[in-house]
Amino acid sequence: MKDKLKRLAGQKVLYFMIVPCMIYTFIFSYYPLSGWIMAFQKYRPAKGYAGSEFVGFDQFIFLFTDSEFWKAMRNTLAMSLMNLFFGTVLAIIFALLLNELRMQGFKKFTQTASYLPHFLSWIIVTSLVADMLASDGMVNQLLMGIGLTKSPILFLGDEKYFWWVATFANVWKETGWNSIIYIAAITGIDPTMYEAAELDGAGRFKKMWHVTIPGIKSTIVVLLIMNLGWVLNTSFEVPYLLGTGMLQDVSQTIDIFVLKYGMSIGNYSLATAAGIFKSVISLILVFGTNAFANRLGESSLM
Amino acid sequence: MAVAVKRHRKLKPGDVIFRLVNGLIMLATIVVMIYPFWNTIAISFNDAQDTLRGGITLFPRVFSTYSYETVFKNDLMLTAAINSVVRTLLSTVLGVAVSALIAYVLSRRELIGRRFITAYFLVTMYISAGLIPTYFLIKDLHLLNNFLVYVIPGLVSVFNVIVVKSFMQELPDSLTEAAMVDGAGYFRCFWQIVLPCCKPVLATVALWCAVGAWNQWFDTFLYASSKESLTTLQYEMMKLLSSSMQTGRDESSIFGSDQVTNTVTPASIRAAVTIVASVPILVVYPFLQKYFVKGVTLGAVKG
């Protein structure tokens, strides 16, 4: 005991350094959790937590019977899963093709260009995507140029395109960036594997399929699982800024639902309940997928 | 590697075709990634009325800098630019300092309660109180419509702490042990020995902080939108985009109708603001790319 106290005294400088940061983290990350009380109340700002009426799970019951909430849930899941699927597949394909490039200068330049959108803000990306998909934008000009369509397609004004627009924006912004990790994994594959495959008469695509893909399989699985844990955190800007007016049926995500009920309508309790629901599901997903990855024998994510 | 093996072999026709097709796909990728931005640059430097005729692709047809002049003469835009720069600088310096500090303490193996303290920070990566409780906190702390709301709430990034910490843990123990034996305290070890060794990882974290702060708009929108003197470039850009989306055409709200004359249109303004809001990143990023790339691999492996 005495020994421990002595050690503690020796470390007091370390505690001087860390305790303020812990207090800060308490204030900004732990203390706000007390606000979750609101979800079980009919919260009125004037009355505070103590004076507001407790209503048990009424807010949650209302939420779960509200078709708008379920639509928001559906939209969130649809856009996230589409992002996850196309984002992963395209990043892998891009990494594979890039790996086949022989001209180092060209390869570097392609990489640099493909990372560019990652660094632009979502606002800028949304604006650029809106311009690209406008009736006189690059995509429509291309489609009309090669004769796929006679009149411009209204990508931004039609419900049936909206999830694809959001996916397109995500893919455009992040594919290059997401490929970095796969390129790193491909670089790590033992070159003798390729030589052996070549001796066995494997061609280019056979080598990709039987050497490269298995070589990066664990990376793919870990990243997929990890991202699955964050599936409710879809990007906010594209649905919020492009999904206006008539499109709200397909564009409103849970985050937008929370923002709308909380900040515009002032129903703090309902918005908090929706936020809690999202946090809890996310947490289950993150830990569930992590446990799943462990059982698969992949390295733990946390 | 495989490259060396290839060189000694004669090229088969299939290889030639594959390389050609692959090269073309990559070329197309480059175009898709760069063209939208390039096109916006061309539009921002083109005469606004002329742009309305359409057909601007790679280069301005009637060169004009009037859109930029209008943007820079606008007081609100100037305020926004200054706020964006100041918040980025402050967030970066403080963010790096705090990350390094926490990472250093957590990387000391002898620290009593290390597991608990590490978990204490890690948990916050997975649990967030959500929008509304956070809003009330910001309000209670009197940070609403206060410049500090740009700096204080995002100060500790646990992800950055993990990245720095794993770098510090790879430094040889002998480095600090020798100094401790010579009587240097923990703080001197941190300041004079560990920090200078961590320059590469600190550069990575600094860049993440800077890009994140520069690109942020949601906090302006949520916490400071009622005070014009606190606006930021990304937020102004959001307003331009939002109004152009809602009306179906570009209609700028901040440049009053008297300013939308023959010489500028909302579309040309939006193009110019897009460029202004992304130039700092564009200038910096090709040079610092390797730091980002290093960081993403490090973060994914260790995070």
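Located above this text is the structure these notes cover.
This write-up is about the structure you can find in this document. Bear in mind that the values here come from a model prediction, so they are computed numbers and not experimental data.

The next point concerns the overall build of chain A. When its secondary structure is counted, chain A shows 15 helices and 2 strands. Taking 302 residues into account, the globule formula puts the C-alpha radius of gyration at 19 Å, and chain A, at 25 Å, lies well above it. Taking the principal axes of its C-alpha atoms as reference, chain A extends roughly 75 × 70 × 35 Å. When the 302 residues of chain A are sorted by exposure, 52% land in the buried category. For chain A, the share of sequence-separated contacts (at least 6 apart) that also reach a separation of at least 24 residues comes to 66%. With the model as given, the accessible surface of chain A reaches about 14,500 Å², and the carbon-plus-sulfur share is 67%.

Time to look at the side chain of Gln11(A). Locating Gln11(A) in the fold gives a position in the loop between helix 1 (2-10) and helix 2 (12-30). Here Ile112(B) takes part through its backbone nitrogen, which lies 2.9 Å from a polar atom of the side chain of Gln11(A). With sequence-adjacent residues up to four places away left out, Gln11(A) is seen in contact with Glu110(B), Leu111(B), Ile112(B) and Tyr186(B).

With that out of the way, let us pick up the layout of surface pockets. Roughly 1,200 Å³ of internal volume is contained in the largest pocket. In this structure, the largest pocket is lined by 42 residues; those nearest its centre are Ala130(A), Asp131(A), Ala134(A), Asp136(A) and Arg270(B). Listed by contribution, the elements that provide at least two residues to the lining of the largest pocket are helix 7 (122-133) and helix 8 (138-145) of chain A together with helix 2 (13-44), helix 3 (48-52), helix 13 (233-246) and helix 14 (266-302) of chain B. Top element by residues in the lining of the largest pocket is helix 7 of chain A. It accounts for 6 residues.

This part takes up unusual backbone geometry. For residues besides glycine, phi is generally negative; the peptide bonds are generally trans as well. Residue and element names in this part refer to chain B. In this model, histidine 142 sits at a positive phi of 60°, which is unusual for a non-glycine residue. Within the fold, histidine 142 resides in the loop between helix 7 (131-140) and helix 8 (158-169). Under the relative-accessibility criterion, histidine 142 is labelled exposed at 65%. The phi torsion at asparagine 145 lies on the positive side, around 55°, for a residue other than glycine. Residue position: asparagine 145 is located in the loop between helix 7 and helix 8. Exposure remark for asparagine 145: the relative accessible area of 26% places this residue in the partly exposed category.

With that settled, the discussion passes to empty space enclosed by the protein. All names here are of chain A. Applying the stated criterion across every chain, the model contains 2 cavities of 30 Å³ or more. Taken as a whole, the second largest cavity holds about 30 Å³ of empty space. Residue lining of the second largest cavity: Ala95, Leu98, Asn99, Lys107, Ile183 and Ile186, and that is the complete set. Of all the secondary-structure elements, those providing two or more residues to the lining of the second largest cavity are helix 5 (67-100) and helix 9 (162-187).

Right, let's get into the interface of chain B and chain A. Contacts between the two partners involve 88 residues from chain B, matched on the other side by 84 residues from chain A. In this structure, the connection of chain B to chain A is made through 2 salt bridges. Arg270(B) is paired through a salt bridge with Asp131(A); the nearest N and O atoms lie 3.0 Å apart. Taken together, the connections running from chain B to chain A amount to 19 residue pairs in polar contact (both at pLDDT 80 or more). Looking at the side of chain B that touches chain A, the element that brings in the most residues is helix 2 of chain B, giving 17 residues. Broken down by class, the residue content of the side of chain B that touches chain A amounts to 64 nonpolar, 17 polar and 7 charged.

So, how was this worked out
- Residues numbered from 1 in each chain as written.
- Chains lettered and ligands numbered in written order.
- Predicted model: local features only at pLDDT ≥ 70, side-chain atom pairs only at ≥ 80, totals over all residues.
- Heavy atoms only, no water.
- Helix = DSSP H or I, 4+ residues; strand = E, 2+ residues; numbered from the N terminus.
- Rg over C-alpha atoms; globule rule 2.2 N^0.38 Å.
- Buried < 20%, exposed > 50% of the residue type's maximum accessible area, 1.4 Å probe, protein only.
- Contact = heavy atoms within 4.5 Å.
- Areas by Shrake-Rupley, 256 points an atom, 1.4 Å probe, with all protein chains shown as cover.
- Polar contact = N/O pair within 3.5 Å; in protein donor to acceptor, adjacent residues only side chain to side chain.
- 1 Å grid on protein atoms, 1.4 Å probe; cavity = no way out; pocket = protein on both sides within 12 Å on 5 of 7 lines; lining within 4 Å.
- Points joined across faces, edges and corners; volume = space filled by probe spheres on them.
- Salt bridge = Lys/Arg side-chain N within 4 Å of Asp/Glu carboxyl O.
- Nonpolar A, V, L, I, M, F, W, Y, C, P; charged D, E, K, R; others polar.

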